[in-house]
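For reference, the chains in residue letters:
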Amino acid sequence: MANKIRWGVLATGGIATRFVNDLKNVPDAEVVAVGSRTAETAVAFQEAHGIPRAHGSWAELAHDPDVDIIYIATPHSHHHAAGLVCLHAGKPLLVEKAFTLDLAQAQDLVTVARERQLFLMEAMWTRTLPSILRMLELIADGAIGQVTSIHAGFGLGIDFDPSHRLRNPQLGGGALLDLGVYPIHFTQLLLGSPTHVHSWAHLHPEGTDARTGIVLGFANGEVATLYCGVGGDIRSATVVGTKGRFEFTNGFHNAAGFTLHRNGSEPETITTEPSSLHFQAAEAGRCLRAGLTESPLVPLSSTLSVMHTLDAVRAQIGVVY
């Protein structure tokens, strides 16, 4: 592997732009190529970001010999197809969340990656943030005792136009895969796979979910109450334990800190580095250099478990892609 890990970026939307900009904070990484379904969009992205090469198809990017790893930044409706193209070309992958449309697609990508011994990771950046890693350390140290419940919501104060991607079932639209994946990942990071899933949703006329409420139950009696939706802004989370709690009031998915409430003590403000997509890129690069095929921070088992939960919720609320 070269001195710098050489990234290819597949797709040219807003999250791709953010990834390219944030990757500048990783000293041993660089973007060397971009790929899109048309040469025009690839070249426009290349010129906007000073990227050496542009490819007018996914396959061309996947077969670029100077690319060490590819970041898939398409809508999640295209993750499976794009992922297969790249994996069959022998490329390690960082795939945007939600990982795929459903568990079957996710399992397919995992199976191919494992058969070919290629690195594969869901770009659930929240799980790589210093704030979340610090919370895990405090839990391990017994700061709040045993975790008993989690309450988290991710809502956008926007009502999207009917033509928007978030309302289009053909593109995997709806709140669940775009927003709900965050509180579910956050919960299962701490409590593992649920044994009970109960959910309800208000749907858009197009059949995608506008607002979804979820209750998860776990084997040891823990409970999580979760929400995702549009039309109301909320991005908070509370982790309750037998000896205290953590409060994320200004965003748990991109937290740069939180408040620790220990029973009988004054609140403690915990501050960490600002959130950024570069932490997940650095983790992927670290794994590549170490010869790992998956990240211990975002293991494939957790991705598959979350996809299982998302499938269960969709079946209950009646959203079909």
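Residues numbered from 1 in each chain as written. Predicted model: local features only at pLDDT ≥ 70, side-chain atom pairs only at ≥ 80, totals over all residues. Heavy atoms only, no water.

Enquirer: Outline the overall build of the protein, supporting the account with residue identities and numerical values.
Expert: Within the protein one finds nine helices and 14 strands. Expected size for 321 residues packed as a compact globule is a radius of gyration near 20 Å; at 20 Å, the protein falls within 12% of this value. Overall size of the protein, expressed as C-alpha extent along the three principal axes, is 60 × 45 × 35 Å. Expressed as a percentage of the 321 residues in the protein, the buried residues total 55%. Accessible surface, the protein as shown: approximately 12,900 Å² in total, 51% of it carbon and sulfur. Charged side chains in the protein number 22 positive and 30 negative. The centres of these two groups are separated by 2 Å. (Helix = DSSP H or I, 4+ residues; strand = E, 2+ residues; numbered from the N terminus. Rg over C-alpha atoms; globule rule 2.2 N^0.38 Å. Buried < 20%, exposed > 50% of the residue type's maximum accessible area, 1.4 Å probe, protein only. Areas by Shrake-Rupley, 256 points an atom, 1.4 Å probe, with all protein chains shown as cover. Lys, Arg positive; Asp, Glu negative; His and termini not counted. Charge placed at Lys NZ, Arg CZ, Asp CG, Glu CD.)

Enquirer: Got a sec to walk through the sheet that holds strand E3 (residues 53–55)? Specific residues and values, please.
Expert: Taken in spatial order, the six strands of this open sheet run E3-E2-E1-E4-E5-E6, and their pairing is parallel. The open sheet has two edge strands, E3 and strand E6 (120–123), and neither has a second partner. Taking the axes of each pair of neighbouring strands and ignoring which way they run, one obtains an average angle of 25° across the sheet. (Pairing = 2+ DSSP bridges. Axes fitted to C-alpha atoms, helices over the stretch in contact; angles between N-to-C directions.)

Enquirer: Any chance you could break down the layout of surface pockets for me, citing the residues and the numbers?
Expert: Size it by volume and the largest pocket reaches roughly 730 Å³. At the level of secondary structure, the elements contributing two or more residues to the lining of the largest pocket comprise helix H1 (14–23), strand E7 (147–156) and helix H7 (175–191). Of the volumes computed, that of the second largest pocket is approximately 160 Å³. What lines the second largest pocket is Lys4, Val20, Leu23, Lys24, Val26, Pro27, Ala29, Glu30, Val31, His49, Gly50 and Ile51. Elements that contribute at least two residues to the lining of the second largest pocket include exactly H1 and strand E2 (29–35). (1 Å grid on protein atoms, 1.4 Å probe; cavity = no way out; pocket = protein on both sides within 12 Å on 5 of 7 lines; lining within 4 Å. Points joined across faces, edges and corners; volume = space filled by probe spheres on them.)

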